[in-house]
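Secondary and tertiary structure notes
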Amino acid sequence: MSAIAGIKPQAASVPQRKFGRAPAFAAALIAGILLAFNASGYHLFQYAQVLIYMIALIGLNLLTGFNGSISLGHGAFFAIGGYGAAILMAHLGVAWWLTLPIMAFICFGAGFGFGMPALRLEGLYLALATFALAITMPGILNYKHFDAYTGGTSGLQVDKPKVPLHLPLNQDQWLFLCCLAAAMLMLFIAQNLVASRVGRAMVALRDHPIAAQTMGVNSAMVKATCFGVAALYAGVAGALDAALVGFVAPDSYSVFLSLSLLVGMVVGGLGSLWGMLAGAIFIEFVPNLADSFSDMFGESAKALPWAVYGVFLIAILLLAPHGIAGAVQRVVAFVRGLMAKASPNLTPELPAISAGNQPAEQNHRTTQGS
Amino acid sequence: MRESAPLLDVVGVSMRFGGIVALKDVSFSLAPEKICGLIGPNGAGKTTLFNCLSRLYDVSEGSITFAGTSLLGLHRHDIARLGIARTFQNVALFNEMSVLENVMVGAHGLGRAGFVAAALRRRAERDEEKLILARAESLIEEFGLNAIAHRAVGQLPFGTRKRVEMARALAMNPRLLLLDEPAAGLNHEEVEGLIAEIRAIRDRRKVAVLLVEHHMNLVMRVSDQVVALNFGRVIADGTPAHVQADAQVLKAYLGDEAA
Ligand SMILES: Nc1ncnc2c1ncn2[C@@H]1O[C@H](COP(=O)(O)OP(=O)(O)OP(=O)(O)O)[C@@H](O)[C@H]1O
Ligand SMILES: [Mg+2]
């Protein structure tokens, strides 16, 4: 029993093969399709935004939760993805879906190139270097000699993707379903990575870099590649976002975006991939929630939304120190424990449970990438 | 005395940290499939020597050759593939990972698949993964760790963690195993078990062992050769009986006790 309670959400990467994850994906797809045909256009836009954040958060979590490097500048790669896609669409007439792999590729390169030297820094110093990236980005996008491409302060307008092949969908439904497909694919890939040899190398470098190197892990290479992958995820998210919103402007990519992503990752749960859905929901809805909450106090309190946001954040960190994914996992373990106690016909299995093997393993596998 | 070409050849190695001389002109060699005890009082430089062999430290002077290859031009992460594995004095496991995963990281060098192959789960990657898993599982079986294979290592007692570390070190089928104080924290019975285990590892896997240990009884019983260090210098090198009787060794240890 104690083995179950003791397993932390970060302990992940036992090979999770076979169909362990098919049910979760099937459930998510069904829920998504149900939403697509029942929610209003405005809500679908918000849900699509959630899925986009989820993609960016998964990438950030690969970097921070699994590989242990911090980035306060993830929004910069989101910006590159967004602006890159917008420029490709607006100036070069590239199809919107084609901008996704292109920006994935470019952002991987940018992330790898930035990561190679920057990852020599550690802890706070790395945090500062990435923060500098986040601070620089809006300035670059605003730079007036780039105006011809970026549209300067007023930004760049792009045509929103149209529904192809006369599918019986409206534009909001189509975009939402595209984001759903993209999010599921990116999640699937991240799960593959985490449960592989490189995934274990990432976690090993986080837990004990010297021991990992002694086992033959090429630290510089794995860490820079991981940074590149995280940037790739942010780039894809940014490109999708540009298509969804139909507009990019420097203001959308302020430092606050980078910080929001960090918040979303921690709230969702470090080292949990499905948890990034919860983190994305937090990023998308809690600021609005805080807004409407503080409206109840009238106009007198202009800064109140941020205070409310802060209170929400602190409450979550106190109630769920391992993020929402960690809390969910503890509830599941608790319910399982109750069920084991409640059904006496399970007693023949109890010795196996106290030997600590089977249940811990099951728990471990669901933890993994959950 | 040495019949075959040495597996490991350490020649004139010095290691300085600022003003501290941790190793001074250390030379010795180790034949394949032999067990060599490395002894010396605290601070003699034993762990420092291991760290030079692992390329964690850059030696100030000298050369280290393993199976005809100079180690000094290699990266840290090349050492495992070359056939040198180690454990650490203070246990250096991946605490959030399970026992099985730790041993699987030990088998890292058995695979080549990178991020793309893993992301797409290519056939070659899956085959490698099976190989790595099979190797790890057989070691876990061998070290009697089955019952805790899926537990996070951070929660395990010190002695068990040391066993996990040894299993992890063997995952690459090394030709040289460096053990840094494997008997630390073990009781009398467990030390007996360890002696049998070290011998079995050598006999079955044809691996040479370089063994740092303060437990003299263990070292003298298990070793074919003993190298004694004091203040970073080799003060004796020979059979256990020879080193045990060496005047300088006696003085180093008695002096240590008297201090
Ligand atoms: N990274 C380092 N920086 C500075 N000095 C070091 C470093 N590593 C080791 N030393 C010094 O080198 C000397 C040898 O240390 P080492 O750890 O190799 O001893 P040891 O023989 O392993 O001792 P013990 O039996 O206590 O483990 C000591 O004086 C130690 O302080
Ligand atoms: Mg030592």
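Below, the structure is looked at part by part. (Residues numbered from 1 in each chain as written. Chains lettered and ligands numbered in written order. Predicted model: local features only at pLDDT ≥ 70, side-chain atom pairs only at ≥ 80, totals over all residues. Heavy atoms only, no water.)

1. Brief notes about the environment of Pro-161 of chain A
Residues and elements named next belong to chain A. The criterion, for reference: Working definition: helices are DSSP H or I runs of at least four residues, strands are E runs of at least two. Numbering for both runs from the N terminus. Any two residues having at least one pair of non-hydrogen atoms within 4.5 Å are treated as being in contact.
Along the chain, the position of Pro-161 falls in the loop between strand S1 (156-157) and helix H8 (171-194). Distance from Pro-161 to Ala-243, taken between C-alpha atoms, is 6.6 Å for residues 82 residues apart in sequence. Not counting residues up to four positions away in its chain, the partners in contact with Pro-161 are Trp-96, Gln-171, Trp-174, Leu-175 and Ala-243.

2. Brief notes about the packing of aromatic side chains
We apply this condition: Stacked, tilted and edge-to-face are the three classes applied to pairs of Phe, Tyr and Trp rings, where Trp contributes its six-membered ring and a pair requires centres within 6.5 Å; stacked means planes under 30 degrees apart, edge-to-face means over 60, and tilted covers the rest. Lysine and arginine charges are scored as sitting over a ring when NZ or CZ, respectively, is within 6 Å of the ring centre and within 35 degrees of the ring normal.
The final tally for this structure, using the stated rule, is 10 aromatic pairs over all chains. Every member of this aromatic cluster is reached through a ring pair, and the members are Tyr-53, Phe-78, Tyr-83 and Tyr-253 of chain A. Between Arg-86 of chain B and the ring centre of Phe-88 of chain B, over which it is positioned, the NZ or CZ distance is 4.2 Å. Directly above the ring of Phe-94 of chain B sits Arg-168 of chain B, whose terminal nitrogen or CZ lies 4.9 Å from the centroid.

3. Some details on the site of ligand 1
Residue and element names in this part refer to chain B. The condition is simple: The cutoff for a nearby residue is simple: one of its non-hydrogen atoms must lie within 4 Å of the molecule or strand. Here a polar contact is taken to be a pair of N or O atoms separated by no more than 3.5 Å, where protein atoms must pair a possible hydrogen donor with a possible acceptor and residues adjacent in sequence count only if both atoms sit in side chains. A 1.4 Å probe and the Shrake-Rupley method give the accessible areas. Residues count as covered only by the protein chains that appear here. Throughout, the ten residues Ala, Val, Leu, Ile, Met, Phe, Trp, Tyr, Cys and Pro are labelled nonpolar, Asp, Glu, Lys and Arg are labelled charged, and all others, Gly among them, are labelled polar.
Close to ligand 1 lie 13 residues; Asn-42, Lys-46, Thr-47, Thr-48 and His-214 are nearest. Between ligand 1 and Gln-89, the relevant distance is 2.8 Å, taken from an oxygen atom to a side-chain nitrogen or oxygen of the residue. A total of 630 Å² of accessible area belongs to ligand 1 in isolation, and the protein chains cover 67% of it. In terms of residue count, the dominant contributor to the shell around ligand 1 is helix H1 (residues 46-53) (three residues). Here the residues of the shell around ligand 1 are counted per class, giving four nonpolar, seven polar and two charged.

4. Observations regarding the nonpolar core
Let me state the cut-off plainly: Buried residues of nine kinds, namely Ala, Val, Leu, Ile, Met, Phe, Trp, Tyr and Cys, make up a nonpolar core once their side-chain atoms join them within 4.5 Å. Each residue gets one of three labels from its accessible area relative to the maximum for its type: buried under 20%, exposed over 50%, partly exposed in between, using a 1.4 Å probe on protein chains only.
Ile-55, Leu-62 and Tyr-233 of chain A are the most contacted members of the largest nonpolar core, which has 104 residues in total. The element best represented in this core is helix H11 (residues 219-245) of chain A, accounting for 16 residues. Ignoring any residue separated from it by four or fewer positions in sequence, one finds Tyr-233 of chain A in contact with Ile-55, Ala-56, Ile-58, Gly-59, Leu-62, Met-186, Ile-189 and Ala-190 of chain A. Grouped together as the second largest cluster of nonpolar side chains are 38 residues, Ile-132, Ala-171, Ile-198 and Ile-201 of chain B included.

5. As for the side chain of Thr-99 of chain A
Relative to the helices and strands, Thr-99 of chain A resides in helix H5 (residues 96-118). When near neighbours in sequence (up to four residues on either side) are disregarded, Thr-99 of chain A contacts Ala-85, Leu-88, Met-89, Val-94 and Ala-239 of chain A.

6. Thoughts on unusual backbone geometry
Residues and elements named next belong to chain B. For Val-91, which is not glycine, the phi torsion reads 60° and is therefore positive. Taking the relative accessible area as the measure of exposure, Val-91 reaches 12% and is therefore buried. Within the chain, Phe-231 stands out as a residue other than glycine whose phi angle is a positive 45°.

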